[in-house]
Amino acid sequence: ASVICSDKTGTLTQNRMTVRQLYTGGRVIPATEVDVQDPAQAALLRTALLCSDAVVQDDGTEIGDPTETALVRLGADWGLEEETIRAQWPRLGELPFDSDRKLMSTVHRFSGGLLLLTKGAVDVLLSRCRLTEGEAADIQAANEAFSRQGLRVLAFACRPLDHSDVSLETEHGLDFLGLMAMMDPPREESKQAVADCIAAGIRPVMITGDHVVTAAAIAQEVGILTPGTQAVEGAVLEGMDDQALMDFVPQVSVYARVSPEHKIRIVRAWQARGCLVAMTGDGVNDAPALKQADIGVAMGITGTEVAKDAAGMVLTDDNFATIVHAVKNGRNLYANICRSIQFLLSGNLAGILTVLYAALLALPVPFAAVHLLFINLLTDSLPAIALGLEPHSDAVML
């Protein structure tokens, strides 16, 4: 591989989201200072629990998306148990999360009727909320401040409904509830793995659905976003043709807010430049890009069966550093095979030239059958096997 296109969450980071800060009622609130007696904060926490599918069992086992389990854990920290809340306000309908829409909506029965609860990307959700210019500017400022700290931000909103049937049209005219900013810290080994990649002549590229500022902060911390390269949103690619994109990709180390179509185009652009591309992914939507890449790498823990089937390699620990170890193993095996072949070709070439020389000069046959057997079985095979089992060296990663 000469280019590794990697997801951020779980691969470069620990995939253990924790809510750090909230924004509601026009102010920022640390997660350690939540007041459930405040109606605005209580509504935000309740929406986070209801508009998610994650479950944290009594033994601490987390089932579901890491982002949603972080919301459930926050509610539990302040006495809001997901089972109780979900039983009190039952779900009557839903629009599941979609990577193109970047939203998830559920419908619940409240005392006053039916209520649509929506969570999703801040930029997408704000465009569907009823806000004044001043309110929208304040929310965007809070979002930017969170993102600069490397926090992932989710927005929450709601609106009353007169029926439980939901469609894409119902996700408009929403009332803004608040933001939740969470941190997924980088894996300790990610920084060294990225440095090893660069030293080995491999270009690491981050492709994520997160906000561009959040992605850039994490990428800079682990060493992917280097001087002379930039972070861009996937929307930038839509105005480019294939030739323009092929010229553009060397300048970019971080792609944020990408869709499955963007991933395929990025992979093809690098391939058009003559690179061997490895691509990581875990979802059903990642399968086309995994198939397109020269080396598709699926996540063994969080990956779907579709992604694993489309991939050429499965990471049992979902860790970026494991890809780098795989590259090291592959290069060492290749080097050993080359040594063995070089030895065998040189040894056999000497035998061929000897026989050819004797034949051209009408000399007696230089080797009897037993001689050739001896050469092939002992003087060729054993040293070749030894060369093939040479200890692995770190030098191949330079």
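Look up a bit, the structure's there.
Since we're looking at a predicted model, the values are computed, not measured.

### Quick notes on the pairing of strand β9 (residues 152–161)
Within β9, seven of the 10 residues are buried, which leaves the element mostly enclosed by the surrounding structure. As paired elements, strand β8 (residues 113–120) and β9 share seven bridges and run antiparallel to each other. When the bridges of β9 are listed, L115 appears paired with P160. Alignment of β9 against strand β10 (residues 175–183), held across seven bridges, turns out to be antiparallel. The residue bridging C158 from the neighbouring strand is D175, located in β10.

### Concerning the pattern of salt bridges
Tallied over the full model, the rule gives 18 salt bridges. A salt bridge links R86 to E82, with the shortest nitrogen-to-oxygen separation between them at 3.1 Å. Remark: E82 and R86 occur in helix α3 (residues 82–88); sequence separation between them is four residues, near one turn of the helix. Exposure remark for E82: the relative accessible area of 7% places this residue in the buried category. A salt bridge links D242 to R265; the shortest N-O distance between them is 3.3 Å. Residue D242 is located in helix α8 (residues 242–248), and its partner R265 is located in helix α9 (residues 260–272); the two are separated by 23 residues in the primary sequence.

### Comments concerning a nonpolar patch on the surface
A contiguous nonpolar surface patch, about 850 Å² in accessible area, is contributed by L349, I352, L353, L356, Y357, L360, L361 and L363. Mapped onto the fold, L349 is located in helix α12 (residues 320–360).

### Topic: α9
The end-to-end C-alpha distance of α9 is 19 Å, a good match for the 18 Å that 13 residues give at a rise of 1.5 Å each. Counting buried positions along α9 gives 10 out of 13 residues, so the element sits mostly inside the fold. Taken residue by residue, α9 has P260, H262, K263, I264, R265, I266, V267, A269, W270 and Q271 as its buried positions. Where α9 is buried, its residues contact β1 (3–6), β11 (203–207), α8, β13 (252–256), β14 (277–281) and α10 (287–292). Once α9 ends, the next one or two residues include G274, with phi positive near 85 degrees.

### As for the sheet that holds strand β2 (residues 18–24)
As summarised here, the arrangement of the seven strands in space is β3-β2-β10-β9-β8-β7-β6, forming an open sheet in which the pairing is antiparallel. The sheet is open, and its two borders are formed by β3 (27–30) and β6 (91–98), each paired with just one other strand. Within the sheet, the average angular offset between the axes of one strand and its neighbour, ignoring direction, is 20 degrees. The strands touched by helix α1 (residues 39–50) are β2, β3, β6, β7 (103–110), β8, β9 and β10; relative to β10, the strand with the most contacts, the crossing angle is about 70 degrees.

### Description of the environment of R20
Along the chain, the position of R20 falls in strand β2. For the pair R20 and A359, spaced 339 residues apart in the sequence, the C-alpha separation amounts to 83 Å. Once residues lying within four places of it in the same chain are set aside, the contact partners of R20 are P30, A31, L151, A181, M182 and M183.

### Brief notes about the layout of surface pockets
Its volume calculated, the largest pocket comes out at about 1,400 Å³. Along the walls of the largest pocket sit 43 residues, with D7, D65, F97, R152 and D282 positioned nearest its centre. Of all the secondary structure elements, the ones that give two or more residues to the lining of the largest pocket are α2 (66–77), β6, β8, β9 and α9.

### Some thoughts on the sheet that holds β11
Reading across the sheet, the seven strands line up as β12-β13-β11-β1-β14-β15-β16 and stay open at both edges, with parallel pairing between neighbours. The strands lining the two open edges of the sheet, one partner per strand, are β12 (230–233) and β16 (313–315). The sheet shows a mean angle of 20 degrees between the axes of neighbouring strands, taken without regard to direction. Where strand β15 (residues 295–299) lies against β16, three bridges are found, and the strand directions are parallel. Of the residues in β16, the one forming a bridge with M299 is L315. Set on the sheet, α9 makes contact with β1, β11, β13 and β14; between it and β14 the angle comes to about 165 degrees.

### Points about the packing of aromatic side chains
Inspection of the entire model under this criterion finds one aromatic pair. The ring of W89 has R46 sitting right over it, with the charged end atom 5.0 Å from the ring centre.

### Regarding unusual backbone geometry
The phi torsion at K102 lies on the positive side, around 60 degrees, for a residue other than glycine. Even without being a glycine, A362 presents a positive backbone phi close to 60 degrees. Structurally, the position occupied by A362 is in the loop between α12 and α13 (369–388). Take A362: its relative accessible area is 70%, and that puts it in the exposed class.

Rules used throughout
Along each chain, the written sequence defines residue order, and numbers are assigned to residues from 1. Owing to the predicted nature of the model, reporting of local features is limited to residues with pLDDT of at least 70; listing and counting of side-chain atom pairs is limited to 80 or more, with chain, interface and lining totals taken over all residues. Excluding hydrogens and water, the side-chain values take into account all heavy atoms of the structure. For every residue, the accessible area obtained with a 1.4 Å probe (protein chains only) is divided by the maximum for its type, and the residue is called buried under 20%, exposed over 50%, and partly exposed between those limits. Numbering goes from the N terminus for both helices and strands, where a helix is a DSSP run of H or I of at least four residues and a strand is a run of E of at least two. Pairing between two strands requires that DSSP report at least two bridges joining them. The salt bridge criterion pairs a side-chain nitrogen of Lys or Arg with a carboxyl oxygen of Asp or Glu, the two atoms within 4 Å. Think of a patch as exposed residues, more than 30% relative accessible area, with no salt bridge, where like charges cluster within 9 Å and nonpolar side chains (Val, Leu, Ile, Met, Phe, Trp, Tyr) cluster within 5 Å. A 1.4 Å probe and the Shrake-Rupley method give the accessible areas. Residues count as covered only by the protein chains that appear here. Given the number of residues in a helix, its expected span is that number minus one, multiplied by 1.5 Å. The contact criterion used throughout is that any non-hydrogen atoms of two residues lie within 4.5 Å. Here the axes come from fitting lines to C-alpha atoms, over the contacting stretch only for helices, and the angles between their N-to-C directions go from 0 to 180 degrees. For each structure, a 1 Å grid was placed over the protein atoms alone; sets of points admitting a 1.4 Å probe that cannot get out are labelled cavities, open sets with protein on both sides within 12 Å along at least five of seven lines are labelled pockets, and lining residues have an atom within 4 Å of a point. Grid points are joined across faces, edges and corners, and a volume is the space filled by probe spheres set on the points. Ring pairs shown here join Phe, Tyr and Trp side chains whose ring centres sit within 6.5 Å, with only the six-membered ring taken for Trp; geometry is labelled stacked below 30 degrees between planes, edge-to-face above 60, and tilted in between. Charges are assigned to positions over rings by a cutoff of 6 Å between ring centre and Lys NZ or Arg CZ, combined with an angular limit of 35 degrees from the ring normal.

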